[in-house]
Amino acid sequence: MLQDQHLDELKEIRKMMQRSSRFISLSGLSGIAAGFWALLGAYFAYDWIHEYYVGYEENGYQLSSFARLKLNLFLLASSILVAAVLSAFFFTWRRAGQKKLPLWDHTSKMLVINMLIPLVSGGLFIVAMLQHNIWTFIAPACLIFYGLALVNGSKYTLSEIRYLGIMEIILGLVSTQFPQSGLYFWAVGFGV
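Residues numbered from 1 in each chain as written. Predicted model: local features only at pLDDT ≥ 70, side-chain atom pairs only at ≥ 80, totals over all residues. Heavy atoms only, no water.

Trainee: I'm lost on the overall build of the protein in this one. Help?
Mentor: From N to C terminus, the protein includes seven helices and zero strands. Going from the N terminus to the C terminus, the protein shows its helices and strands as α-α-α-α-α-α-α. Every one of the 192 residues in the protein was classed for burial, and the buried ones make up 31%. (Helix = DSSP H or I, 4+ residues; strand = E, 2+ residues; numbered from the N terminus. Buried < 20%, exposed > 50% of the residue type's maximum accessible area, 1.4 Å probe, protein only.)

Written out as structure tokens, the structure reads:
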């Protein structure tokens, strides 16, 4: 009887320690929503890129249409990012409420900080590539830096996130060898 009571107390202490060191309110639906937005964005991006190249073959190179394509892709990517972040926030907020856990505490702050370092660095690197019209490695860079962010933040959430991050990095590195298929790799890495 006393031994069972001690075991229950130890289990409760372990649960409290795990709750304080890991952000476990992260919702699986946020990942599904982000994947949906990514696949939707890949569909539109493919359509726009295809339309540009058909026009390129028929009319030749036109700077205005290429500039419009770049602007449209940038706005699309920004919209996808905003939609994914808002979806993740909503589903995580909802799950935290259901579990009666705080959404914003020391652990969630550490998770965000550790993920933002590689994400912001990667984002600025990608913007620099865009400034110099280096499109070839944008999709691989997105995957690699996102993977680094997941690995970096995994110590503050579920351990499976680390393996997802490693898979994203590998997918990004493989994508560097198939530059014409970057959008497909991007769709698999973020959508699937």
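Now that the structure is up, let's keep going.
Trainee: Help me understand the packing of aromatic side chains in this model?
Mentor: Pairs of aromatic rings are described using the distance from one ring centre to the other and the angle between the two planes. Evaluated as defined, the whole model comprises 10 aromatic pairs. Relative to Phe-44, the ring of Tyr-43 lies with its centre 5.5 Å away and its plane at 70°, an arrangement referred to as edge-to-face. Tyr-43 gets classed as exposed once you look at its relative accessible area, which sits at 55%. You can call Phe-44 partly exposed: its relative accessible area is 32%. A ring pair is formed by Phe-90 and Phe-91, whose centres lie 5.2 Å apart and whose planes are at 65°; its orientation type is edge-to-face. An aromatic cluster is built from Tyr-43, Phe-44 and Trp-48, whose rings are joined through pairwise contacts. (Phe/Tyr/Trp six-rings, centres within 6.5 Å; stacked < 30°, edge-to-face > 60°.)

Trainee: What's the story with unusual backbone geometry in this structure? I'm lost.
Mentor: For residues besides glycine, phi is generally negative; the peptide bonds are generally trans as well. The phi torsion at Asn-133 lies on the positive side, around 55°, for a residue other than glycine. Within the secondary structure, Asn-133 is located in the loop between helix H4 (106-131) and helix H5 (138-153).

Trainee: Please explain the packing of H5 against helix H6 (residues 160-175) as it appears in this structure.
Mentor: Where H5 meets H6, the axes come as close as 7 Å, and the angle between the chain directions of the two elements is 160°. Looking at the two axes, H5 sits roughly antiparallel to H6. H5 and H6 meet at a crossing whose hand is left-handed. Each of Pro-140, Leu-143, Ile-144, Tyr-146, Gly-147, Leu-148, Leu-150 and Val-151 in H5 lies in contact with H6, whose residues at this interface are Ile-161, Arg-162, Leu-164, Gly-165, Ile-166, Glu-168, Ile-169, Leu-171, Gly-172, Leu-173 and Ser-175. When its residues are assigned to classes, the contact of H5 with H6 shows 13 nonpolar, four polar and two charged. (Axes fitted to C-alpha atoms, helices over the stretch in contact; angles between N-to-C directions. Parallel < 35°, antiparallel > 145°, perpendicular 65-115°, else oblique. Left-handed = near helix turned anticlockwise from the far one by under 90°. Contact = heavy atoms within 4.5 Å. Nonpolar A, V, L, I, M, F, W, Y, C, P; charged D, E, K, R; others polar.)

Trainee: What is the right way to read the nonpolar core from this model?
Mentor: Generally speaking, a soluble globular protein has its nonpolar side chains buried in company with each other. Listed in full, the seven residues of the largest apolar core are Ala-45, Tyr-52, Phe-66, Leu-69, Leu-73, Leu-76 and Ile-80. Breaking this core down by element, the ones donating at least two residues are helix H2 (28-59) and helix H3 (63-99). If one sorts the elements of this core by residue count, H3 sits on top with five residues. Among residues more than four places away in sequence, those in contact with Leu-69 are Trp-48, Ile-49 and Tyr-52. Ala-149, Leu-150, Tyr-156 and Ile-161 belong to the second largest nonpolar core, which has six residues in total. (Core = buried A, V, L, I, M, F, W, Y, C linked by side-chain atoms within 4.5 Å.)

Trainee: Is there a simple way to think about the environment of Ile-49 in this case?
Mentor: As for its position among the elements, Ile-49 is in helix H2. In this structure Ile-49 comes out as partly exposed when scored by relative accessible area, which is 26%. Sequence separation of Ile-49 and Leu-69 is 20 residues, and the distance between their C-alpha atoms is 7.3 Å. In this view, Ile-49 contacts Leu-69, Leu-73 and Leu-183; residues no more than four positions away in its chain are not counted.

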